[in-house]
Every structure is written in C-alpha cells, then in structure tokens.
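# A structural walkthrough
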Amino acid sequence: MIRRAARRVVLFLVALALVAAAWELYKAVGPTEGGSFLGLPLPKTSDRAMPHTWDMVRRLGEPENRGGSDPIWISVAGYAWYTFRLALLGLAMGTAVGVGLAVLMARFRFAERGLLPWVIMSQTVPLIALAPQVVSWSGKVDIFGWEIPRWFAVCILAAFLSFFPIAVGTLRGLKSAPAAAVELMHSYAASWWETLVKLRFPAALPHMVPALKLGATLSVIGVIVSEISTGISGGIGRAVLSYGQAATGDPTKVYAAVFGAATLGLVLFGLVVLIDVIVMRNRP
C-alpha cells in the first residue's frame, strides 16, 4: 500500500511538472497579444496575462500587500481554512441528503421514478444564478428560532452541488447487491432494513467512495463560486476576486489564490481517500 501511494505521489508530481512545461512552452511560442488559429482564439502570452510559473511560485513568499510582513501564502492558507470548513459542512449535508434520497429510491420504485428526473434536472440550474437567491434567505428564514446566517447559506449551495453524484452512486451501489445474497437474506426472514444495513450498504461502498470523491471536489467548487457571486468575505473565493482586481499591477497575485483553491480541493479529496483506506482496509 505504501508503494502504491508513493507511486501515485510521483505520478502526480510528474503530471504537475508536465503542466508547468506545457505552460512555459506555449508562453515561449504563443502570440504575445493573442490571436486565432483555425477560428479558435489563442490566449495572450504577455507577462501580464500569462506570468512565468517560477514568478507565481516566488510570489507565494512575498507579502500580500506592500508594506506587509507575512508572506501571501499565510493569508491564502487562512482563506482556504475558512472555505475548507464550509465545504466540509456542505459535503456532510450533501452526503446526508444524497444517501437519504438513494435509500428512499431503492426502497420504493415509484419514488425512484418520481424523484430521479428531478435530481438530474437540479444539476442544470446554474449555481451562480441560484447563489444570490439562497444567500438572501439569511436573516429572513427562521427555523425554530434560529436564523440562517450567510455562511450557512453557502454550505447549502455546496450541498446542492455535491448531493447529486452521491445520490446516484449510492443508488447504483444499493442495487448492486448479488441477487443470490438478497434471496438468502429473505430466506432468513430478514427485514428490508436489516438487508439494507447488513448487505446492501456493504455492497454499495465501492460505488459510494468514488461518488464521495466527486462530491468533495464539487463541494469546494460550490463554496468558491458562492463566495465569488455573493461577495461573502473570509474565504478563498473572495481572495480570488480581490486578487483578480489587482492583477493589472500584480498579475502573479491572483495565482496565489488559485493555488490555494487547488490545494483545498486536493485536501478534501485526500480526506475522502483516507476514509476509503480505513473503511475498505479489510475488504477484497
């Protein structure tokens, strides 16, 4: 297992190096002011539009603002930590909703026929248009005396984006239990819930884990998009927006926030992988 993990880390670093090499290669041969090729637009390769990769990395060690003392990566880490907590809560909520819907659809055939099209259609709603509507609930919606804060509205949006793959993956997994094993449970006079807990959920784990990995990345995307579209401060999405506004005079600054967002997605993805290793440790 250690050897396999080390191989994956090496492959990831090689892929990262290839992306950086491709970036620098295009910057060397691409048009400085942009252009087109076969009708397709080509991005600019000027230092303002496309900085060198080593300049982006060097910017991480410089202060966030002029006159500051702490390097910008510390500020980005603080923004990422704020977004990470929202994304983690959003993933937990999306998991609860997705698994609940999957169990309901697996239990009742009419529920699957009625709910699954709506579950699929929900993903066609643009999040950037939905975010301001959900955030407007903060301070207006009262649940047993508790008013929804703005940060919780962001978690709802993250859950909205992440529940879909979890629901579909779990439903597929619940249906993957061998028919002979289901018949054996019936011969033991096991109830549907006993069959669910002792057979269907264990059989669904190989399908649920990839769905959770996808849901984790979608949760991060949901939080970042919500932060950008609603202007909620404190997270990495707001940092991307504010750093982007300073890109004219400091083009490498925005990439510090981009690196933070990418690292955040990898951390949450890695957390699901760690859970996968623990849960599937003794399974074939």
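Structure report, in brief. The shown structure was predicted, so the numbers you read here are calculated from the model rather than taken from an experiment.

Moving on to the overall build of the protein chain. Broken down by element type, the protein chain carries ten helices and four strands. If you list the helices and strands of the protein chain from N to C, you get α-β-β-α-α-α-α-β-β-α-α-α-α-α. Within the protein chain, the proportion of its 284 residues that are buried is 36%. Accessible surface, the protein chain: about 16500 Å² in total, of which carbon and sulfur atoms supply 69%.

With that settled, the discussion passes to the nonpolar core. Core analysis: the biggest nonpolar cluster contains 44 residues, and Ile236, Tyr243 and Leu268 have the highest contact counts within it. Of all elements in the fold, only helix H3 (72–107), helix H5 (127–135), helix H6 (150–174), helix H8 (192–230), helix H9 (236–245) and helix H10 (253–279) reach the threshold of two or more residues within this core. Considering each element in turn, this core owes the most residues, ten residues, to H3. Ignoring any residue separated from it by four or fewer positions in sequence, one finds Tyr243 in contact with Glu64, Ile72, Ser75, Val76, Tyr79, Lys253, Val254 and Ala257. Grouped together as the second largest cluster of nonpolar side chains are six residues, Val182, Ala190, Leu199 and Ala203 included.

Below, the discussion takes up the packing of H5 against H6. Direction vectors running N to C along H5 and H6 enclose 145°, while the axes themselves pass 9 Å from each other. The crossing of H5 and H6 is right-handed. Two secondary-structure elements touch here, H5 through Leu127, Leu130, Ala131, Val134 and Val135 and H6 through Arg150, Ala153, Ile156, Leu157, Phe160 and Leu161. Classifying every residue of the contact of H5 with H6 by side-chain character gives ten nonpolar, no polar and one charged.

Turning our attention to a nonpolar patch on the surface. On the surface, a nonpolar cluster with roughly 490 Å² of combined accessible area is contributed by Leu88, Leu271, Leu274, Ile275, Ile278 and Val279. It is H10 that contributes the most residues to the nonpolar patch, five residues altogether. Note that Leu88 resides in helix H3. Given the relative accessible area of 34%, Leu88 is considered partly exposed.

To continue, consider the side chain of Asp55. Mapped onto the elements, Asp55 comes out in helix H2 (residues 53–59). Judged by relative accessible area, Asp55 falls into the buried class, the value being 18%. Within polar-contact distance, the side chain of Asp55 engages the side chain of Arg58 at 2.6 Å.

What follows concerns the pattern of salt bridges. With the rule as written, the count across this model stands at six salt bridges. Notably, a salt bridge pairs Glu112 with Lys175, separated by 2.6 Å at the nearest N-O pair. Here Glu112, found in helix H4 (residues 109–122), pairs with Lys175, found in the loop between H6 and helix H7 (179–187); they are 63 residues apart in sequence, far enough to count as distant. The class of Glu112 is buried, set by a relative accessible area of 14%. It is possible to trace a salt-bridge network through shared partners that takes in Asp55, Arg58, Arg59, Glu62 and Asp250.

Reading the values: rules and limits
- Residues numbered from 1 in each chain as written.
- Predicted model: local features only at pLDDT ≥ 70, side-chain atom pairs only at ≥ 80, totals over all residues.
- Heavy atoms only, no water.
- Helix = DSSP H or I, 4+ residues; strand = E, 2+ residues; numbered from the N terminus.
- Buried < 20%, exposed > 50% of the residue type's maximum accessible area, 1.4 Å probe, protein only.
- Areas by Shrake-Rupley, 256 points an atom, 1.4 Å probe, with all protein chains shown as cover.
- Core = buried A, V, L, I, M, F, W, Y, C linked by side-chain atoms within 4.5 Å.
- Contact = heavy atoms within 4.5 Å.
- Axes fitted to C-alpha atoms, helices over the stretch in contact; angles between N-to-C directions.
- Left-handed = near helix turned anticlockwise from the far one by under 90°.
- Nonpolar A, V, L, I, M, F, W, Y, C, P; charged D, E, K, R; others polar.
- Patch = residues over 30% accessible without salt bridge, like charges linked within 9 Å, V, L, I, M, F, W, Y side chains within 5 Å.
- Salt bridge = Lys/Arg side-chain N within 4 Å of Asp/Glu carboxyl O.
- Polar contact = N/O pair within 3.5 Å; in protein donor to acceptor, adjacent residues only side chain to side chain.

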